[in-house]
Amino acid sequence: IGSISKVVSAWGFMQLTERGLLNLDAPVNQSLTRWTIPQSSYNRSKVTLRRILSHTAGLSVHGYGGAEQGSKLLTLEESLEGKTKRNGESVRLINEPGTKWKYSGGGYTLAQLLLEENTKESFASYMKKHIFKPLGLIHTNYEWTDEMNSKSATAYDTLGSPIKNIIFTEQAAAGLQTTILDLARFTELSITKNPKQLNKVLKPETIQLMEQTVLPSSNEGESGLGYRFMNYEGFRTIGHTGENIGW
């Protein structure tokens, strides 16, 4: 589901704040060992999880193209260094954090590393165990499983030729596989006020916080924490869009 992955992965990051493993406003670099934000003329200590999730952290890399299923994926560190991008674009500061809204899939890749460093688990396994399973999203995964492959629709290119499914190192930003029923269920959970439905995954007030604007916003965009604000023919709504090759 492409970049819709971001709003789902944000639930995992916010769960870590509820558990006290991450602080929304702490410098992310202090929690990283495998890779850190490169030094620059901008203040990297101002890069926080709140700013990453709201696209106000000043980070580069808009999005990712992924690789064909069956390919050997590069590591998160290699992705952050730009080795999964054809143009070699690495994740780095291109604006002063907290001063401008600029969409950054690269920020979510950094957050994926942050989760792994703080939980000592892979991102996909953490999300399956702590988010999808307790919410009953049994056909949702950041990795392709044999069962999902056997039931998956076929992807096609713009000429109508079938293509292989796409896989991503950058799972948090772009790599979620799901079904329309699971995605609809997740949408319901995004607006519920009933803690029992959330099964201790997140508190209702945490979701309400995620759906509030984080400043600054601009004509380019406006975000909460994972969720984005959008206008359709004058109707203001919140959620996320996404697209992948073939879908």
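Reading guide: rules and limits
- Residue positions within a chain follow its written sequence, with the count starting from 1.
- Predicted model: local features are reported for residues with pLDDT of at least 70 only, side-chain atom pairs are reported and counted for 80 or more only, and whole-chain, interface and lining totals are derived from all residues.
- Heavy atoms throughout the structure, all of them, feed into the side-chain values; hydrogens and water do not.
- Note on conventions: DSSP H or I runs of at least 4 residues are helices, E runs of at least 2 residues are strands, and numbering of each starts at the N terminus.
- A 1.4 Å probe rolled over the protein chains alone gives each residue an accessible area, and that area as a share of the maximum for its type sets the label: buried under 20%, exposed over 50%, partly exposed in between.
- Contact definition: two residues touch when any of their heavy atoms are within 4.5 Å.
- Side-chain atoms alone can form a polar contact between residues adjacent in sequence; in general such a contact is a pair of N or O atoms within 3.5 Å, and within protein one must be able to donate a hydrogen while the other accepts it.
- Each aromatic pair joins two rings of Phe, Tyr and Trp (for Trp, the six-membered one) with centres within 6.5 Å, and gets the label stacked for planes under 30 degrees apart, edge-to-face for over 60, and tilted for any other angle.
- Only buried residues count toward a nonpolar core. Its members are Ala, Val, Leu, Ile, Met, Phe, Trp, Tyr and Cys residues joined through side-chain atoms within 4.5 Å.
- A positive count includes Lys and Arg, and a negative count includes Asp and Glu. His and the chain ends are not counted in either.
- The term salt bridge refers to a pairing of a side-chain nitrogen on Lys or Arg with a carboxyl oxygen on Asp or Glu at a separation within 4 Å.
- Residues qualify for a patch when their relative accessible area is over 30% and they have no salt bridge, like charges being joined within 9 Å and the nonpolar side chains of Val, Leu, Ile, Met, Phe, Trp and Tyr within 5 Å.
- Areas reported as accessible are Shrake-Rupley estimates using a 1.4 Å probe. Residue values count occlusion only from the protein chains shown.
- By convention, the charge on Lys lies at NZ, on Arg at CZ, on Asp at CG and on Glu at CD.

A.B. asks: So what exactly am I meant to see when it comes to the overall build of the protein chain here?
C.D. replies: From N to C terminus, the protein chain includes 10 helices and 6 strands. For the protein chain, the spread of C-alpha atoms along the three principal axes comes to 50 × 45 × 45 Å. Buried positions account for 48% of the 247 residues belonging to the protein chain. In the protein chain, 71% of the contacts between residues at least 6 apart in sequence involve partners at least 24 apart.

A.B. asks: Looking at this model, I keep getting lost on the side chain of Gln 15. Mind explaining?
C.D. replies: By secondary structure assignment, the location of Gln 15 is in helix α1 (residues 5-18). Judged by its relative accessible area of 6%, Gln 15 is buried. Within the local environment of Gln 15, its side chain forms a polar contact with the backbone oxygen of Val 201, the two atoms lying 3.2 Å apart. Apart from residues lying up to four places away in sequence, Gln 15 is in contact with Tyr 126, His 130, Ile 131, Val 201 and Leu 202.

A.B. asks: Help me understand the packing of aromatic side chains in this model?
C.D. replies: Between two aromatic rings, the relevant description is the distance of the centres plus the angle of the planes. For the structure shown, the criterion picks out 6 aromatic pairs. Taking 4.9 Å as the distance between ring centres and 50° as the angle between the ring planes, the aromatic pair formed by Trp 11 and Phe 186 counts as tilted. Here Phe 186 lies in helix α8 (residues 180-191) and Trp 11 lies in helix α1, a separation of 175 residues in the sequence. With respect to class, Trp 11 is no different from Phe 186; both count as buried. Ring geometry for Phe 132 and Tyr 142: centres 5.8 Å apart, planes at 25°, overall stacked. In this pair, Phe 132 is assigned in helix α5 (residues 123-135) and Tyr 142 in the loop between α5 and α6 (146-151), connecting sequence segments 10 residues apart. Exposure class is identical for Phe 132 and Tyr 142. Each is buried.

A.B. asks: Would you mind going over the nonpolar core with me for this structure?
C.D. replies: Grouped together as the largest cluster of nonpolar side chains are 58 residues, with contacts concentrated most on Trp 11, Phe 13, Val 47 and Leu 110. Among the elements of the structure, α1, α2 (49-53), α3 (76-80), α4 (105-119), α5, α7 (171-174), α8 and α10 (204-210) are those that each provide at least two residues to this core. In contact with Phe 13, other than residues within four places in its own chain, are Leu 22, Leu 49, Leu 53, Tyr 108, Ala 111, Gln 112, Leu 115, Phe 123 and Ala 172.

A.B. asks: What should I look at first to understand the side chain of Asp 182 in this one?
C.D. replies: In this structure, Asp 182 sits in helix α8. It is Arg 185 that comes nearest to the buried, bridge-free Asp 182 among opposite-charge side chains, at 7.8 Å. From its side chain, Asp 182 meets the backbone nitrogen of Ile 138 in a polar contact 3.4 Å long. Within polar-contact distance, the side chain of Asp 182 engages the backbone nitrogen of His 139 at 2.9 Å. In this structure, Asp 182 is in contact with Gly 136, Leu 137, Ile 138, His 139 and Thr 140, ignoring residues within four places of it in sequence.

A.B. asks: Teacher, can you tell me more about the pattern of salt bridges here?
C.D. replies: Side chains that differ in charge, positive against negative, can pair when their charged atoms come close. Applying the stated criterion across every chain yields a total of 8 salt bridges. Its salt-bridge partner being Glu 77, residue Arg 34 comes within 2.9 Å of it at the nearest N-O pair. Note that Arg 34 is positioned in the loop between α1 and α2 and Glu 77 in helix α3, a separation of 43 residues in sequence. When the shortest N-O distance is used, the salt bridge between Arg 236 and Glu 222 registers 3.2 Å. Taken together, the residues Arg 236 in strand β6 (residues 235-239) and Glu 222 in the loop between α10 and β5 (228-232) connect sequence positions 14 residues apart. Residues joined by salt bridges that share partners form a network here, namely Arg 34, Glu 77 and Glu 116.

A.B. asks: It is not clear to me how a positive patch on the surface should be interpreted in this structure. Could you clarify?
C.D. replies: On the surface, Arg 19, Lys 128, Lys 129 and Lys 133 cluster together into a patch of positive charge. Looking at the element boundaries, Arg 19 is found in the loop between α1 and α2.

A.B. asks: How do you make sense of the environment of His 55 when you look at a structure like this?
C.D. replies: Checked against the element boundaries, His 55 lands in the loop between α2 and β1 (67-68). His 55 sits in the buried class, given a relative accessible area of 2%. C-alpha separation for the pair His 55 and Glu 222, spaced 167 residues apart in sequence, amounts to 8.5 Å. The residues touching His 55, leaving out its near neighbours within four places in the chain, are Lys 6, Lys 100, Trp 101, Lys 102, Tyr 103, Ser 104, Tyr 108 and Ser 223. A distance of 2.9 Å separates a polar side-chain atom of His 55 from the backbone nitrogen of Ser 104.

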